[in-house]
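Fold and geometry: a report
For reference, the chains in residue letters:
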Amino acid sequence: MDKRENILFSDTFAVKDMDKGGKKFDRISRLDGRSQTHDMSLILDVNTELYPVEAGDKFKLTLSSSLSLGDSKEPAAFRKGEANWRAYVNGDERSLADDYDYVMFGRVYRYDNASGSKVSAFVSFGGLLMCLEGDIRHLQNFIVGDTIYLLMRKI
């Protein structure tokens, strides 16, 4: 599988606001961001103890169906739908995660296309939630029930 086939969405976001409705949890913050290229809006829960984020920060966000870099002998842990990636984190195998600072594994639980060309994809990362909203062209590969990786790095 080619690396580009794994990537469902990728863009640079600017954090507009943090914890808009007030902080609910000690180590978790909800960021409100806007993409710079595709005119997408993002609401994302982030563990700020592991990955500190503040209003005004810019980061690259990539959503991928696999961590594989496209090698012909793809490790089983990086195949679509597999959650046993931990065995490779500190190993010799390179993955897409090596290029990012913050990685989460989750599942698409809702896809809302009620407002014409604007759609929303909802993903749960073990209770940390994400809503990505924008043009249908950029979110057409999201399927309810599919597992995905969220990868972030600051710019």
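Above this note sits the structure.
Since this is a predicted model, take the numbers as computed values, not measurements. (Residues numbered from 1 in each chain as written. Predicted model: local features only at pLDDT ≥ 70, side-chain atom pairs only at ≥ 80, totals over all residues. Heavy atoms only, no water.)

**Description of the pairing of strand 6 (residues 118-125)**
Burial runs high along strand 6: six of the eight residues are buried. Both strand 5 (residues 102-115) and strand 6 contribute to a ladder of six bridges, which runs antiparallel. In the sheet register, Asp112 faces strand 6, and the bridge partner there is Ser120. Hairpin connection, strand 5 to strand 6: the antiparallel pair is bridged by two residues, and Gly116 has positive phi, about 70°. Where strand 6 lies against strand 7 (residues 128-135), eight bridges are found, and the strand directions are antiparallel. Note on strand 7: the bridge partner recorded for Ala121 is Leu132. Where strand 6 hands over to strand 7, the hairpin turn is made up of two residues, of which Gly126 adopts a positive phi near 65°. (Buried < 20%, exposed > 50% of the residue type's maximum accessible area, 1.4 Å probe, protein only. Helix = DSSP H or I, 4+ residues; strand = E, 2+ residues; numbered from the N terminus. Pairing = 2+ DSSP bridges.)

**Comments concerning the pattern of salt bridges**
Within this structure, the stated rule accounts for eight salt bridges. One salt bridge in this structure joins Lys154 and Asp57, with 3.5 Å as the shortest N-O distance. With Lys154 in strand 8 (residues 147-154) and Asp57 in the loop between strand 3 (41-47) and strand 4 (58-64), this residue pair connects regions lying 97 residues apart in the sequence. (Salt bridge = Lys/Arg side-chain N within 4 Å of Asp/Glu carboxyl O.)

**Some words on the environment of Ile28**
Of note, Ile28 is situated in strand 2 (residues 28-35). Ignoring anything within four residues of it in the chain, the contact list for Ile28 reads Asp19, Lys23, Asp45, Val46, Asn47, Thr48 and Leu128. (Contact = heavy atoms within 4.5 Å.)

**Describing the nonpolar core**
By size, the foremost hydrophobic cluster in this structure holds 31 residues, and its most contacted members are Leu44 and Leu150. At the level of secondary structure, the elements contributing two or more residues to this core comprise strand 1 (7-18), strand 2, strand 3, strand 4, strand 5, strand 6, strand 7 and strand 8. Each residue touching Leu150, except ones within four places of it in the same chain, is listed here: Leu44, Leu61, Thr62, Leu63, Tyr102, Val103, Met104, Phe125 and Met130. Leu67, Leu96, Tyr149 and Leu151 belong to the second-largest nonpolar core, a separate cluster that totals six residues. (Core = buried A, V, L, I, M, F, W, Y, C linked by side-chain atoms within 4.5 Å.)

**Some details on the environment of Met40**
In this structure, Met40 sits in the loop between strand 2 and strand 3. Overall, Met40 belongs to the buried group, its relative accessible area being 0%. Note: C-alpha distance between Met40 and Gly134 (94 residues apart in sequence) is 4.6 Å.

**Re unusual backbone geometry**
In this structure, Asp19 takes a positive phi of about 50° despite not being glycine. Mapped onto the secondary structure, Asp19 falls in the loop between strand 1 and strand 2. For Asp19, a relative accessible area of 19% translates into the label buried. In this structure, Asp39 is a non-glycine residue whose phi angle is positive, near 55°.

**Description of the packing of aromatic side chains**
Inspection of the entire model under this criterion finds five aromatic pairs. Geometrically, the ring pair formed by Phe13 and Phe59 is stacked, given 5.9 Å between the ring centres and 15° between the ring planes. Of this pair, Phe13 sits in strand 1 while Phe59 sits in strand 4, and the two are 46 residues apart along the sequence. You'll find Phe13 and Phe59 in the same group, each marked buried. Taken together through their ring pairs, the aromatic side chains of Phe9, Phe13 and Phe59 make up a single cluster. (Phe/Tyr/Trp six-rings, centres within 6.5 Å; stacked < 30°, edge-to-face > 60°.)

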